[in-house]
Structure formats: C-alpha cells, structure tokens
Amino acid sequence: MSVDTMPAAEFSPRQSAVLAEALRLLVDGGDKALTTAGLARAANCSKESLYKWFGDRDGLLSAMISYQASKVRTFERSGERLSPQTLIEHLELFARDLLDVLSGDISLALNRLAIGQTSRDGSKLGEMLLLRGRRQIDRRARALLDSGRRDGLLRFDDGDEAYHTLYGLIVSDLHVRLLLGEKPEPKTFDTRARKAITAFLVLHGTDKTSPA
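Within every chain, residues take consecutive numbers counted from 1 along the sequence as written. Restriction of local features to residues with pLDDT of at least 70 applies here, the model being predicted, together with a cutoff of 80 or more for giving and counting side-chain atom pairs; totals for whole chains, interfaces and linings are based on all residues. Neither water nor hydrogens contribute to the side-chain values; these are computed over all heavy atoms in the structure.

Here's the deal with the overall build of the protein chain
Right, so step 1: Across its full length, the protein chain carries 10 helices and 0 strands.
Right, so step 2: Of all intrachain contacts in the protein chain linking residues separated by at least 6 positions in sequence, the fraction that spans at least 24 positions is 74%.
Right, so step 3: Counting only carbon and sulfur atoms, one obtains 51% of the accessible surface of the protein chain, whose full area is about 11,300 Å². Secondary structure is summarised from DSSP: a helix means a run of H or I of at least four residues, a strand means a run of E of at least two, and numbering begins at the N terminus for each. We call two residues in contact when some of their heavy atoms are within 4.5 Å. For the area figures, the Shrake-Rupley method with a 1.4 Å probe applies, and any residue is considered shielded solely by the protein chains shown.

Here it is, written out as structure tokens:
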C-alpha cells in the first residue's frame, strides 16, 4: 500500500513513532532539519526503512501530515445509530481535537512552512496539507454529519455547506491569529467547543437536538 492510500490508522506503532520524531525535528529545526540521515539518527532506524515505509521526501511529508490529521477524532462506525447525547459528544470531541491540533506547534510549523514555500516552483507542501490534512479531517467530519441527518438529529440540504458552517463556528479566525503569533489558550477550548456546537445545533439541529 502506498503512502497516498494508507489511512493514518494503518501506520504501525513503529512508523507512528518515526513520524512523531519527524514532526519534532521539523518544529525544532525547521525544514532544513528534516533530512533522511537526521531522522534515521533521531528515530534510531535505518535510512532503508524510511525509504521502504515512506518513499521520498514528499512521501515522508505526506505521511507526517496524514499522521497529524489523524489526531482529530470523529465518528466513523458505519451502521451505528446516534442518540442526541452521543452526537453532541462526538461533535464536541471533534471541535476540541480540531482546536488542539490547529493550535499546536506542529500544525503551526507545517502551515508556516507551506506559506513560506508558496512562491517556490515545485513546492508541494501546501497541496499536501489540503489533500492529506484538511480534506482527511473534512471527510470524517462530513461522515458524522451525514450520520446525524440519517438518524433524524440534524437537518440540512447541502452537507458541504453545513460542514463549512460547523468548521467556521469552531475555528473562526483563530488559526490566522495563531499563525501570526498569537499565543493559544487551550484552557478556553472546552468552552469554545461547546459554544460552537450549541450554535451549530441551533442552525441545523432537529427538535431532538436543538437547544431549548
């Protein structure tokens, strides 16, 4: 299975540990610190193993982004019915994970690196962040919303529009402010997540889930 088709959940524990080390190197030392030789030393593995698991540098970056995106948890159990309580729990978990990941040093480092490379010919990091990061998260969250509608807990005509509303309520302009240097306040994320989900249910909840 290639990195492009490998779900993050299918990275082995050893591969996950190597990807975590690669992300640490990127945060601590920037783009130049992320070399095959440097990662092999830091992760105590061979360069041959790195090439076997991830391929070239682009493959490694793609895997790192996919691994990072997998930290945003949501609902993917096909066929399991949602109750109003479990829907709200899944939505709030998604919101809190999203805020935690977007505000973390790793996410900010990846995004700043991609922004810095946008003018370079052949730079693929921005595209990778969209395909392997944002869209992977979007897909799983959309599955949760579709399940909520299927079970009579959410109402919307356009799933993409409903999801963009959800994402906007959770994130707003926070990510931009963080990229510009504002310090995150994780202690406020629980409250922010709850308020975002309450607002979303006012817009898209049914009588089973809409706040009184």
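Points about the pattern of salt bridges
Right, so step 1: Take a side-chain nitrogen of Lys or Arg and a carboxyl oxygen of Asp or Glu: if they are within 4 Å of each other, that pair is a salt bridge. Inspection of every chain in the model, using the stated rule, returns 12 salt bridges.
Right, so step 2: When the shortest N-O distance is used, the salt bridge between arginine 24 and glutamate 21 registers 2.5 Å. With arginine 24 and glutamate 21 both in helix H1 (residues 13-29), this residue pair falls 3 residues apart, about one helical turn.
Right, so step 3: Given a relative accessible area of 37%, arginine 24 falls into the partly exposed group.
Right, so step 4: Using a relative accessible area of 19% as the deciding quantity, one classes glutamate 21 as buried.
Right, so step 5: For arginine 150, the salt bridge goes to aspartate 151, with nearest N and O atoms at 3.0 Å.
Right, so step 6: Salt bridges sharing common partners tie together Glu21, Arg24 and Asp28. Throughout this description, buried means an accessible area under 20% of the type-specific maximum (1.4 Å probe, protein chains only), exposed means over 50%, and partly exposed covers the range between.

A few points about the UniProt feature "DNA-binding region" (unreviewed entry) in the protein chain
Right, so step 1: With numbering aligned to this structure, UniProt lists the feature "DNA-binding region" (unreviewed entry) at residues 35-54.
Right, so step 2: With 80% helix and 0% strand, the stretch residues 35-54 has end C-alpha atoms that lie 13 Å from each other. UniProt positions are given in the numbering used here, feature names are shortened, and annotations may be inferred rather than shown by experiment.

Considerations on the packing of aromatic side chains
To describe a pair of aromatic rings, you give the distance between the ring centres and the angle between the ring planes.
Right, so step 1: To pair, rings of Phe, Tyr and Trp, with the six-membered ring standing in for Trp, must have centres within 6.5 Å; the planes then decide the type, stacked if under 30 degrees apart, edge-to-face if over 60, and tilted in the middle. With the rule as written, the count across this model stands at 2 aromatic pairs.
Right, so step 2: Here, over-ring charges are defined by two tests on the NZ atom of lysine or the CZ atom of arginine: distance to the ring centre within 6 Å, and angle to the ring normal within 35 degrees. In this structure, arginine 134 is placed above the aromatic ring of tyrosine 167, and the distance from its NZ or CZ to the ring centre is 3.8 Å.

Re the confidence of the model for the protein chain
Right, so step 1: Per residue, pLDDT measures the predictor's confidence, with a range of 0 to 100. Of all residues in the protein chain, 89% have pLDDT values of 70 or greater, and the mean over the chain is 86.
Right, so step 2: Here residues 1-8 scores under 50 on pLDDT; set against residues more than four positions off or in separate chains, the count is 18 contacts.

Quick notes on unusual backbone geometry
Right, so step 1: A positive phi angle is found at asparagine 44, which is not glycine, with a value near 55°.
Right, so step 2: Its place among the elements puts asparagine 44 in the loop between helix H2 (36-43) and helix H3 (47-54).
Right, so step 3: Residues other than glycine seldom take positive phi values, yet serine 172 does so here, at roughly 50°.
Right, so step 4: Take serine 172: it is sitting in the loop between helix H8 (159-171) and helix H9 (174-179).

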